[in-house]
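# Residue-level structure breakdown
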Amino acid sequence: MTVVLEAVSMALVGVFAAGVVLTRDPLRQVIAMGPFALALIVLFTVLQAPDVVLSAIVVGVFAYPMMVLLTVAKIRHRERKV
Amino acid sequence: MNPRVRVTLFLVAAVGITAIFVWGFTGLPSFGHYPGPYGDEVVRRTIADRHATNTVTAVVMDIRAVDTAGEELILFAAAVGVIMLLRKQRGERLVAPPTFAEGRHPIPPSTPVRVVSAALIAPAAVLGLYLVAHGGLTPGGGFQGGVVLAVPSVLCFLAARIRSFERLHDPAVWEVARAIAIGAFLGIGFAGLIASTGFLANMLPLGTTGTVYSAGTIPVLNLIAGPAVATAIVLIVVELLEQVTEVRAK
């Protein structure tokens, strides 16, 4: 049972990671990061690593999307101006 | 290289890597049953020698605290790098960005977003402080709690007017806070060097296992690392926000 859970959650990480890599537009990539971050959170929960789960939550839900969104907003401004 | 050769090359490499991966994984001991002595020993010593109940934090903030000091300095360098990169350059001046295209009305601030953001500021701060303070007992610690402590700043940006946000987030103040936090972390390290056996050695009384004020320097380092991480993230966010809200023109 545990082995199945581990295998499924690892496979999900692989699938959603591929989704992030195959998304070329940075703005869409932030959205694609959502399921990938969730899959990582599930994987670390299954592997009983709650400390890493907390790190994955704060980085995947807050820190990473925040930085990318702000950078995209900045670049859009510059593009509009030129 | 034409696309067909490229795809063939990828498929050959993918099959090879998959085969080696599967071969390698099947040879691994099952999860939680690895043969090395380190894990068992570290779990035993966490409670016996350090009076902490969260082994992960005991490793990060005590046994391998030197690595954490390095990590803190990496984050420090990252924040300094962003500030340097986004600094106001010669010939640039600040101008307010166009908030709406010509012929269109500006979008008014969304009241639900502002209300929910304002309502979440205090809970986010409390959750962050809880994670920082209880790092030695339960999952959490200076890093995770520190990132959560940066959340109220972003919520403040969403809830308040931009001028109020900027008043609360003067980079000079946050830079000083950040420097003090980093200095305190290294200061605890040198205190260990002087009062005990080495840099960042645990030299405070260990207290009763299971209470917040136990495990010697572990809670102290957590309480320092929390603001150190939070200020770094807030500074990066403030610098990036400044770029977005005030376009710099030549």
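Figured I'd write up the structure that's included with this text. Worth saying up front: this structure is predicted, and the values here are computed from it rather than measured. The numbers attached to residues start from 1 for each chain and follow its sequence in the written order. By the order in which they are written, chains take letters starting at A while ligands take numbers starting at 1. Residue-level local features of this predicted model are given only where pLDDT is at least 70; pairs of side-chain atoms are given and counted only at 80 or more, and the full residue set underlies all totals for whole chains, interfaces and linings.

### A word on the overall build of chain B
Numbering of helices and strands runs from the N terminus, with a helix taken as a DSSP run of H or I at least four residues long and a strand as a DSSP run of E at least two residues long. From N to C terminus, chain B includes 9 helices and 2 strands. Scanning chain B from its N terminus toward the C terminus, one meets helices and strands in the order α-α-α-α-β-α-α-α-α-α-β. Its C-alpha radius of gyration of 24 Å places chain B more than 25% over the 18 Å reference for a compact globule of 250 residues. Each principal axis of the C-alpha distribution contributes one length, and for chain B these read about 70 × 60 × 40 Å. Counting other C-beta atoms within 10 Å of each residue's C-beta, where C-beta atoms are placed from the backbone, gives the exposure class: buried for 20 or more, exposed for 12 or fewer, partly exposed between. By residue count, 30% of the 250 residues in chain B fall in the buried class. Two things to know: the radius of gyration comes from C-alpha atoms, and the globule rule equals 2.2 Å times the number of residues to the power 0.38.

### Comments concerning the overall build of chain A
Counting secondary structure elements, chain A contains 3 helices and 0 strands. Put simply, chain A runs from its N terminus to its C terminus through helices and strands in the order α-α-α. In terms of C-alpha radius of gyration, chain A reaches 15 Å, well past the compact-globule figure of 12 Å for 82 residues. Dimensions of chain A along its principal axes, counting C-alpha atoms only, are 55 × 25 × 10 Å. Here chain A holds 82 residues, and 18% of them are scored as buried. Across chain A, every contact between residues at least 6 apart in sequence was considered, and the portion connecting residues at least 24 apart equals 47%. A pair of residues counts as a contact when their C-beta atoms, built from backbone coordinates, are within 7 Å of each other.

### Notes on the packing of helix 1 (residues 2–22) of chain A against helix 2 (residues 26–46) of chain A
Residue and element names in this part refer to chain A. For helices, the fitted line uses only the C-alpha atoms of the stretch in contact; every axis is such a line through C-alpha atoms, and the angle between N-to-C directions lies from 0 to 180 degrees. At a minimum axis distance of 8 Å, the contact between helix 1 and helix 2 shows a crossing angle of 165°. Classed by the angle they form, the pair helix 1 and helix 2 counts as roughly antiparallel. With respect to the hand of their crossing, helix 1 and helix 2 are arranged in left-handed fashion. Across the interface between the two elements, L5, E6, S9, M10, L12, V13, F16, A17, G19 and V20 of helix 1 pack against Q29, A32, M33, P35, F36, A39, L40, V42, L43 and V46 of helix 2. Note that Gly is not counted as nonpolar here; it falls among the polar residues with everything else outside the nonpolar set of Ala, Val, Leu, Ile, Met, Phe, Trp, Tyr, Cys and Pro and the charged set of Asp, Glu, Lys and Arg. Taken together, the residues of the contact of helix 1 with helix 2 sort by class into 16 nonpolar, 3 polar and 1 charged. By definition in this entry, angles of less than 35 degrees are roughly parallel, angles greater than 145 are roughly antiparallel, angles of 65 to 115 are roughly perpendicular, and the rest are oblique. Definitions for this section: a left-handed crossing has its near helix turned counterclockwise from the far helix by less than a right angle. A right-handed crossing has that turn clockwise.

### A short note on the interface of chain B and chain A
Counting residues at the interface gives 20 residues for chain B, matched by 16 residues for chain A. Elements with a contribution of two residues or more to the side of chain B that touches chain A: helix 6 (142–159) and helix 9 (217–245) of chain B. When the residues that make up the side of chain B that touches chain A are grouped by side-chain class, the tally is 16 nonpolar, 4 polar and no charged.

### A look at the environment of A159 of chain B
Residues and elements named next belong to chain B. Here A159 is to be found in helix 6. C-beta crowding within 10 Å serves as the criterion here: with 20 such atoms nearby, A159 is assigned to the buried category. Counting along the chain gives 43 residues from A159 to V116, while the straight-line C-alpha distance between them is 8.0 Å. Excluding anything up to four places from it in sequence, A159 contacts R114, S117, A118 and I121.

### Details of the environment of S110 of chain B
Relative to the helices and strands, S110 of chain B resides in the loop between strand 1 (93–95) and helix 5 (111–133). Along the primary structure S110 of chain B and L158 of chain B are separated by 48 residues, whereas in three dimensions their C-alpha atoms are 9.4 Å apart.

### A closer look at the environment of T68 of chain B
Residues and elements named next belong to chain B. Looking at where T68 falls in the secondary structure, it is placed in helix 4 (residues 65–85). Overall, T68 belongs to the buried group, with 21 C-beta atoms counted inside 10 Å. In the structure, T68 is positioned 117 residues away from F185 in sequence and 9.8 Å away in space, judged by C-alpha atoms. If sequence neighbours within four positions are ignored, T68 has contacts with V60 and M61.

All quantities given are derived from atomic positions and should not be read as evidence of function.
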